[in-house]
Amino acid sequence: MEMGNQDVNNTGPVDRQVNVNTLHGNIDFSKTSRLGQRFKKLKEEVEKDIRYSGFIDDFNRYNTELDGRSMPDKLADGGFSTTEIRRATLKKHQYSKKLEKNKLYETAQLIDLELFAMINLNFETFIEPLIEGGATKVAIKECVREKIIIPIFDLINQDGQDDTFLNYNVDDIYGMIFFLTGKCHLNWANYDNL
């Protein structure tokens, strides 16, 4: 079979595909994740100062307290020391300040909502079984780092590599975890056995 004289103007199905870049500026949606698209949209909202008032409905799910136990009480129930609780409280407050500023942009809320859902899912999947099984606090904290912090930070670095507005770091991800703890979405003790 001779391969040397191929028609360079082949009009097969692949050659007739639409170039997404010509339809949507420089955003190649075939290579950009949903989170990556949201970071790009947030940049536009910030540059054009397109603000949003209030919280989107889905965000309110995570911003509503489910019971009356405070974050420090929940962490104490999970065996955290006073120093660890103080650090967690600081990270929660630092994130809460960013949240207050970021809520002005709908897409910032959508990004946080997606990160909250990932934190919640990974906590339920990996952390709760350790808590229910009586794992040590050291093992639980290591699993939080391995299964929540690192994957989410890697995702933010990949999909939000050009982000200069949210600019989330590892402390912010921990702050989100403790924010969700304070809203009673995450429990650090097995309350069925207390």
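Heads up: the structure comes first, above all this text.
1. Digging into the overall build of the protein chain
- Counting its secondary structure elements, the protein chain contains eight helices and zero strands.
- Going residue by residue from the N terminus, the α and β elements of the protein chain occur as α-α-α-α-α-α-α-α.
- Within the span of the protein chain, comprising 194 residues, buried residues form 37% of the whole.
- Once local pairs closer than 6 in sequence are excluded, the contacts in the protein chain between residues at least 24 apart make up 77%.
- Surface summary for the protein chain: the accessible area is close to 11,700 Å², and the carbon and sulfur share equals 49%.

2. Quick look at the packing of aromatic side chains
- For the structure on display, the rule yields ten aromatic pairs.
- In this structure an aromatic cluster arises from ring pairing among Tyr-62, Tyr-95, Phe-116, Tyr-168 and Phe-179.
- Over the face of the ring belonging to Tyr-174 we find Lys-91, whose NZ or CZ atom lies 4.8 Å from the ring centre.
- Its guanidinium or amino end placed over the ring of Phe-126, Lys-147 lies 4.8 Å from that ring's centre, counting from NZ or CZ.

3. Examining the packing of helix H6 (residues 106–132) against helix H7 (residues 137–159)
- Contact geometry of H6 with H7 gives a least axis separation of 10 Å together with a crossing angle of 160°. Here H6 lies roughly antiparallel to H7, going by the angle between them. Where H6 crosses over H7, the handedness of that crossing is right-handed. Side by side, H6 and H7 meet where Leu-115, Met-118, Ile-119, Asn-122, Phe-123, Phe-126, Ile-127, Leu-130 and Ile-131 of the first sit next to Ala-139, Ile-140, Cys-143, Val-144, Lys-147, Ile-148, Ile-152, Leu-155 and Ile-156 of the second.
- Residue composition of the contact of H6 with H7, grouped by class: 16 nonpolar, one polar and one charged.

4. Points about helix H5 (residues 82–102)
- Helix length check: H5, at 21 residues, gives a terminal C-alpha distance of 30 Å against a target of 30 Å (1.5 Å per residue), a fit within 8%.
- Here H5 has its buried residues at Glu-84, Ile-85, Ala-88, Tyr-95, Leu-99 and Asn-102. The buried residues of H5 occupy an angular sector of 100° when the element is viewed end-on, so they sit on one face. Residues of H5 that are exposed and point more than 90 degrees away from the buried face comprise Thr-82, Arg-86, Arg-87 and Lys-97.
- The inward-facing, buried residues of H5 abut helix H3 (57–62), helix H4 (71–77), H6, H7 and helix H8 (170–182).

5. Let's talk about the side chain of Arg-38
- Locating Arg-38 in the fold gives a position in helix H2 (residues 34–48).
- In terms of polar contacts, Arg-38 uses its side chain to reach the side chain of Glu-114, at 2.6 Å.
- Setting aside anything within four residues of it in sequence, one finds Arg-38 in contact with Thr-107, Leu-110, Ile-111 and Glu-114.

Calculation criteria
Residues numbered from 1 in each chain as written. Predicted model: local features only at pLDDT ≥ 70, side-chain atom pairs only at ≥ 80, totals over all residues. Heavy atoms only, no water. Helix = DSSP H or I, 4+ residues; strand = E, 2+ residues; numbered from the N terminus. Buried < 20%, exposed > 50% of the residue type's maximum accessible area, 1.4 Å probe, protein only. Contact = heavy atoms within 4.5 Å. Areas by Shrake-Rupley, 256 points an atom, 1.4 Å probe, with all protein chains shown as cover. Phe/Tyr/Trp six-rings, centres within 6.5 Å; stacked < 30°, edge-to-face > 60°. Lys NZ or Arg CZ within 6 Å of the ring centre and 35° of its normal. Axes fitted to C-alpha atoms, helices over the stretch in contact; angles between N-to-C directions. Parallel < 35°, antiparallel > 145°, perpendicular 65-115°, else oblique. Left-handed = near helix turned anticlockwise from the far one by under 90°. Nonpolar A, V, L, I, M, F, W, Y, C, P; charged D, E, K, R; others polar. Expected span 1.5 Å × (residues − 1). Arc of directions from axis to C-beta. Polar contact = N/O pair within 3.5 Å; in protein donor to acceptor, adjacent residues only side chain to side chain.

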